[in-house]
Amino acid sequence: MLYPIGIQSFEDIRRGGYVYVDKTALIYKLAATGKYYFLSRPRRFGKSLLVSTMEAYFKGKKELFDGLAVASLEKDWTEYPVLHLDLGGANYSDMDALKEKLGRQLNDLESEYGVVRKYKTLPVRFETIIEAAYRKTGRQVVILVDEYDKPVIDNLDRPELRDKIREELRGFYGVMKSKDGRIRLGFLTGVTKIGKMSVFSDLNNPQDISMDREYSDICGVSESDLKNYFDVSVRELAEANDLTEEECYRKLAIMYDGYHFHPKAVGVYNPFSLLNTFKNKEFLEYWFETGTPSFLVKVMRKTSYDVTRLSSDLVGSSLLSDVNTAFLNPVPLLYQSGYLTIKGFDPRFNLYTLGFPNMEVKDGFLNFLL
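Residues numbered from 1 in each chain as written. Predicted model: local features only at pLDDT ≥ 70, side-chain atom pairs only at ≥ 80, totals over all residues. Heavy atoms only, no water.

Draft legend 1. Structural view of the overall build of the chain. The secondary structure content of the chain amounts to 18 helices and ten strands. Rg of the C-alpha trace for the chain: 21 Å, near the compact-globule value of 21 Å for 370 residues, within the 12% margin. Its C-alpha atoms put the chain at 65 × 50 × 40 Å along the principal axes. Buried positions account for 54% of the 370 residues belonging to the chain. Long-range pairs, those at least 24 residues apart, make up 71% of the contacts in the chain with a sequence separation of at least 6. Just so you have it, the chain exposes about 16,200 Å², and 47% of that area is on carbon and sulfur atoms. The positive charge centre, built from 50 side chains, and the negative charge centre, built from 52, are 5 Å apart in the chain. (Helix = DSSP H or I, 4+ residues; strand = E, 2+ residues; numbered from the N terminus. Rg over C-alpha atoms; globule rule 2.2 N^0.38 Å. Buried < 20%, exposed > 50% of the residue type's maximum accessible area, 1.4 Å probe, protein only. Contact = heavy atoms within 4.5 Å. Areas by Shrake-Rupley, 256 points an atom, 1.4 Å probe, with all protein chains shown as cover. Lys, Arg positive; Asp, Glu negative; His and termini not counted. Charge placed at Lys NZ, Arg CZ, Asp CG, Glu CD.)

Written out as structure tokens, the structure is:
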């Protein structure tokens, strides 16, 4: 079995014969039931692959979906113009970095849709591209934004620059509201919900599916996914480690399962750790060893929060989406970035119990603190 470790292109995975855990029924549901969506998930959880899959779907690449759930659901396979923006892979140490990152991607889109640039500001250029794509193809535009929050979280400790970047992004994303009639679907994803409401205030309120039970496993690997797609891999892993299959499933759950994005949702395995474990046939801390994100390092160095309370605190639902005060209380940031997860919920007081999702994260995080 070929494991797509580090491969974020849906087309490369399908053409290369790599294992793909089918999430296309949920993508079809998104497309059929709404228009603007927002999703936050921890790093290396498959967000970029999800965006890439959506891009292929909306571009009508029917052949890539043979044998997948959406093949029996979609009848039209309409090809829409897709504007795919990715704010990852840059260090946003100043405003110029943001303008350069977005500017290069807008350059490519202007070339694709025959736009002669007349304007300098990013929002107006974006607006012009949407209009040009609509006129050239005669179809509404699909807008996909990956790592929407990277420029903001890079500057958690620099409030003046953070607020300037947030203001720039607010105007940029707000273009979608002014061009609503030209847009088929907008989907934005990132690690955190930092400033979600303020960043999106100029945009029609996107449906936040981050804690939606129906979409809880749209990224990641559920228990049923594990048994449906990786049964042979589990047998090979068990044999390599002198375990029975039952013992192997149990150890995988202890090490990598346990992420809950809704109190009543199924648990989700970390896909990055799971694939690396199957490939290397060793139970190691793969996700944690890829490096703790710099924004978390900054917060944990400066916070006055008593970290011994991390796995015993009760948290209100509004607090889970508020990372603007991360240096005073890092719990929301730790939840959104995957270091804590939902363990229980008290509906009487609307309070969540949080805890470490699994042994990999618990051991890795405590060693990180030391």
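Draft legend 2. Examining helix α3 (residues 47-58) more closely. The end-to-end C-alpha distance of α3 is 17 Å, a good match for the 16 Å that twelve residues give at a rise of 1.5 Å each. Taken across its twelve residues, α3 has twelve buried, putting it largely inside the fold. Listed as buried for α3 are K47, S48, L49, L50, V51, S52, T53, M54, E55, A56, Y57 and F58. In this structure, the buried side of α3 is in contact with α1 (10-15), α2 (24-33), β1 (36-40), β2 (82-86), β3 (141-146) and β4 (183-190). Phi for G60, located one or two positions after α3, is positive at around 75°. (Expected span 1.5 Å × (residues − 1).)

Draft legend 3. Here's a closer look at helix α4 (residues 95-112). Between the first and last C-alpha of α4 there are 26 Å, a value that for 18 residues agrees with the 26 Å anticipated at 1.5 Å per step. Taken together, the buried positions of α4 are occupied by M95, A97, L98, K101, L102, G103, Q105, L106, L109 and E110. Contacts from the buried residues of α4 go to β2, α5 (122-137), α6 (150-153) and α7 (159-173). For α4, the capping residue at the N-terminal end is D94, with a side-chain oxygen 3.2 Å from the backbone nitrogen of D96. Remark: G114 follows α4 within two positions and exhibits a positive phi of approximately 65°. (Polar contact = N/O pair within 3.5 Å; in protein donor to acceptor, adjacent residues only side chain to side chain.)

Draft legend 4. Quick look at the pairing of strand β10 (residues 351-355). Where strand β8 (residues 314-316) meets β10, three bridges bridge the pair, whose relative direction is antiparallel. Each residue of the ladder has a partner; that of L314, found in β10, is T353. In this sheet, β10 lies alongside strand β9 (residues 341-346) in antiparallel orientation, the contact comprising five bridges. Each bridged residue has a counterpart across the sheet, and for D346 the counterpart in β10 is L351. Count of turn residues in the β9/β10 antiparallel hairpin: four residues, of which N350 carries a positive phi of about 55°. (Pairing = 2+ DSSP bridges.)

Draft legend 5. Representation of the side chain of S337 within the structure. Along the chain, S337 turns up in the loop between α17 (331-336) and β9. A polar side-chain atom of S337 sits 2.6 Å from the main-chain carbonyl oxygen of L333. If sequence neighbours within four positions are ignored, S337 has contacts with P42, V191, W287 and F295.

Draft legend 6. The nonpolar core, seen in detail. Judged by nonpolar contacts, the single largest core of 50 residues is most densely connected at L226, F230, L252, F278, L354 and F365. Among the elements that line this core, the one with the most residues is helix α12 (residues 245-256), at five residues. Not counting the four nearest positions on each side in its chain, L252 is found in contact with V234, L237, D257, Y269, L274, T277, F278 and F283. Grouped together as the second largest cluster of nonpolar side chains are 35 residues, A90, M95, V152 and I165 included. (Core = buried A, V, L, I, M, F, W, Y, C linked by side-chain atoms within 4.5 Å.)

Draft legend 7. Representation of the sheet that holds β8. One open sheet holds the three strands; their spatial order is β8-β10-β9, and the pairing between them is antiparallel. This sheet does not close on itself; its edge strands, each paired only once, are β8 and β9. Adjacent strand axes in the sheet meet at a mean angle of 40°, parallel and antiparallel pairs treated alike. (Axes fitted to C-alpha atoms, helices over the stretch in contact; angles between N-to-C directions.)

Draft legend 8. Molecular detail of the packing of α4 against α5. Following both chains from N to C, one finds α4 and α5 inclined at 25°, their axes separated by 10 Å at the closest point. For the element pair α4 / α5, the angle class is roughly parallel. The element α4 and its partner α5 pack so that their crossing is left-handed. Side by side, α4 and α5 meet where K99, L102, G103, L106, N107, L109, E110 and E112 of the first sit next to L122, R125, F126, I129 and K136 of the second. For the contact of α4 with α5, the class distribution of residues is six nonpolar, two polar and five charged. (Parallel < 35°, antiparallel > 145°, perpendicular 65-115°, else oblique. Left-handed = near helix turned anticlockwise from the far one by under 90°. Nonpolar A, V, L, I, M, F, W, Y, C, P; charged D, E, K, R; others polar.)

Draft legend 9. Structural view of the layout of surface pockets. Here the largest pocket defines a volume of roughly 960 Å³. Taken together, 41 residues line the largest pocket, and the ones lying closest to its centre are Q8, R44, F45, G46 and K47. Looking at the lining of the largest pocket, the elements that each hand over two or more residues are α3, α6, α13 (271-280) and α15 (294-302). Counting residues per element, the lining of the largest pocket draws most heavily on α3, at five residues. The residue inventory of the lining of the largest pocket, partitioned by class, reads 20 nonpolar, twelve polar and nine charged. (1 Å grid on protein atoms, 1.4 Å probe; cavity = no way out; pocket = protein on both sides within 12 Å on 5 of 7 lines; lining within 4 Å. Points joined across faces, edges and corners; volume = space filled by probe spheres on them.)

Draft legend 10. Inspection of the packing of α15 against helix α18 (residues 359-369) at higher detail. For the pair α15 and α18, interaxial distance at closest approach is 11 Å and the crossing angle is 55°. It follows that α15 is oblique to α18 by the angle criterion. In this structure, α15 crosses over α18, and the sense of that crossing is right-handed. Contact with α15, carried on its side by L296, V297 and M300, involves F365, F368 and L369 of α18 and no other residues of that element.

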